[in-house]
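# Commentary on secondary and tertiary structure
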Amino acid sequence: MKKRILTLVSAALFWLGTLCPALASAAPADALSPQYILAYPFENGLARAEKDLKWGALSPDGAVKIPFTWDYLGEESDSLMLVLSGSQYGFIRTDGSVAAEPAYEQAYRFENGLAAVKEGGKWGYIDRNGSAVIPPQFDEAASFTDTLARVKKDGKYGYITADGETAIPFIYDEAYDFHEGRACVLRDGKYGYINADGSEAISAAFDVALDFREGAAAVCANGKWGYIDSDGSIISDFLWDSAGTFQSGYAIVGKGGSFGVIDTGGRLCTPAKLEQIGELSEGLFPVQDGGKWGYMTPAGDMVIAAKYDSAKPFSGGLASVCENGKWGVIDRDGDWILRPKYADCGRYAGGLIPVTNEDSLSGWVAPSAPRPSAVETLAPGQDFIHLQIGAKEINI
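Quick summary incoming for the structure in this document. (Residues numbered from 1 in each chain as written. Predicted model: local features only at pLDDT ≥ 70, side-chain atom pairs only at ≥ 80, totals over all residues. Heavy atoms only, no water.)

### Notes on the sheet that holds strand E15 (residues 148–153)
- Strands sit in the order E14-E15-E16-E17 across an open sheet of 4 strands; the sheet is antiparallel. The sheet terminates laterally at strand E14 (140–145) and strand E17 (166–172), the two strands that pair on one side only. Taken pair by pair, the neighbouring strands of this sheet meet at an average axis angle of 15 degrees, ignoring direction.
- Sheet topology places E14 next to E15; 4 bridges connect them, and they run antiparallel. (Pairing = 2+ DSSP bridges. Helix = DSSP H or I, 4+ residues; strand = E, 2+ residues; numbered from the N terminus. Axes fitted to C-alpha atoms, helices over the stretch in contact; angles between N-to-C directions.)

### Regarding the side chain of Ser 320
- Along the polypeptide, Ser 320 turns up in strand E35 (residues 318–323).
- Assessed through its relative accessible area of 3%, Ser 320 is described here as buried.
- Here the side chain of Ser 320 touches Gly 346 through a polar contact of 2.7 Å, landing on its backbone oxygen.
- Those residues in contact with Ser 320 that lie beyond four places of it in its chain are Tyr 295, Ala 311, Lys 312, Trp 327, Gly 328, Val 329, Cys 345 and Gly 346. (Buried < 20%, exposed > 50% of the residue type's maximum accessible area, 1.4 Å probe, protein only. Polar contact = N/O pair within 3.5 Å; in protein donor to acceptor, adjacent residues only side chain to side chain. Contact = heavy atoms within 4.5 Å.)

### Digging into the pattern of salt bridges
- All chains considered together, the criterion is met by 14 salt bridges.
- Between Asp 71 and Lys 54 there is a salt bridge, with the nearest N and O atoms lying 2.7 Å from each other. Separated by 17 residues along the polypeptide, Asp 71 in the loop between strand E5 (64–70) and strand E6 (72–73) and Lys 54 in strand E4 (residues 54–58) bring together distant segments of the chain.
- For Asp 71, a relative accessible area of 28% corresponds to the partly exposed category.
- Shared partners join several salt bridges into a network, and the residues in it are Glu 75, Arg 109 and Glu 111. (Salt bridge = Lys/Arg side-chain N within 4 Å of Asp/Glu carboxyl O.)

### Some details on the pairing of strand E25 (residues 234–240)
- Across 3 bridges, strand E24 (residues 224–229) lies against E25 in antiparallel orientation. Counted as the bridge partner of Ile 228 is Ile 234 from E25.
- Adjacent in sequence and paired antiparallel, E24 and E25 are bridged by 4 residues, among which Gly 232 carries a positive phi angle near 95 degrees.

### Here's the deal with a nonpolar patch on the surface
- Together, Ile 37, Leu 38, Tyr 40 and Leu 53 line one region of the surface with nonpolar side chains, adding up to about 340 Å² of accessible area.
- Mapped onto the elements, Tyr 40 comes out in the loop between strand E2 (38–39) and strand E3 (47–51). (Patch = residues over 30% accessible without salt bridge, like charges linked within 9 Å, V, L, I, M, F, W, Y side chains within 5 Å. Areas by Shrake-Rupley, 256 points an atom, 1.4 Å probe, with all protein chains shown as cover.)

### Things to note about the environment of Pro 102
- The topology assignment puts Pro 102 in strand E9 (residues 98–104).
- Remark: the alpha-carbon pair of Pro 102 and Gln 88, spanning 14 residues in sequence, is separated by 5.1 Å.
- Among all residues touching Pro 102, those that are not within four sequence positions of it are Trp 70, Val 83, Ser 85, Gln 88, Tyr 89 and Gly 90.

### A few points about unusual backbone geometry
- At Asn 44, a position not held by glycine, the phi torsion is positive, near 50 degrees.
- Tracing the chain through its elements places Asn 44 in the loop between E2 and E3.
- Even without being glycine, Asp 52 reaches a positive phi, approximately 55 degrees.
- Among the structural elements, Asp 52 can be located in the loop between E3 and E4.
- Residue Asp 52 is classed as exposed on the basis of its relative accessible area, which comes to 66%.

Have a look at this one:
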């Protein structure tokens, strides 16, 4: 009998390892054990973390790539990372070498080869080598987008080129970054849009206006929101109490405290009847309905039932969800990849998921299907083994 049991167990393990490797993989184990105050998702082979009030970065195998010596470490942009040492900001490369010594009162991340830095109470710009290319002279400064940067001088906003020349005069009470060839500006109490040459693209007629995304912008007039295209033509009437920017062809709109989804043609894809709608990612919205969270397509089809306390967007085919006060990770079928036992779970990236345990310490774990949780012995006359693998049951 013992020999028979061993033979059947071996056959079961062979079936799991050869025919169903995902199920046979090891139970979720800490890849980088929780020991950090904060742990961020992996991006381009690095994950930022805070430990003992100092910041550094690690590789997926747990090797320290940027020593934990900084008072803050920003995310990578243009292969450079913002750092804080004491009260001074600077920049390092992703290998940990210093690109610009910490010497600035404030600084923003690099965009398009330049970073805004504050020195002596004024803002200017440096290049990737830390050399000043636009001397400090502005009261405010933003990153370069669409070849122009928004800056403030003498109480008014304008735009400059990468060589520091004024491209659009300093005449606006408020101004925002260029997106899709348009920038939202405020003048004489109303918002409108300008072109990159400073000419008027859409007349200032709105109480509030958002950036253009995917050829459309949300605008508000007389307390109601609608959408316009890049020529200023209305593509969705002013019906909504709230409106978001478009992402992957869809935008979230609100009415009477409930939310729905429209497409770039202004068509209502999902009626405004949901309690909350999260960020669209990988074709699914996290949505709250009846006090619980699930996942919905832009067309309004619920593909994962609303049964969770909270839910985050999908990333790499996985999503973090909360059940009974504990966080875990599911796949697109709603099957558990990491069973709920954490105080929090982050976004899956680089093969690992940031997690926080009950002691408020953070680290990373590798997602995998659980091992069989029970193997029944053979009863008299029984010629199979019953395996319980997570939520799946198999007779072999």
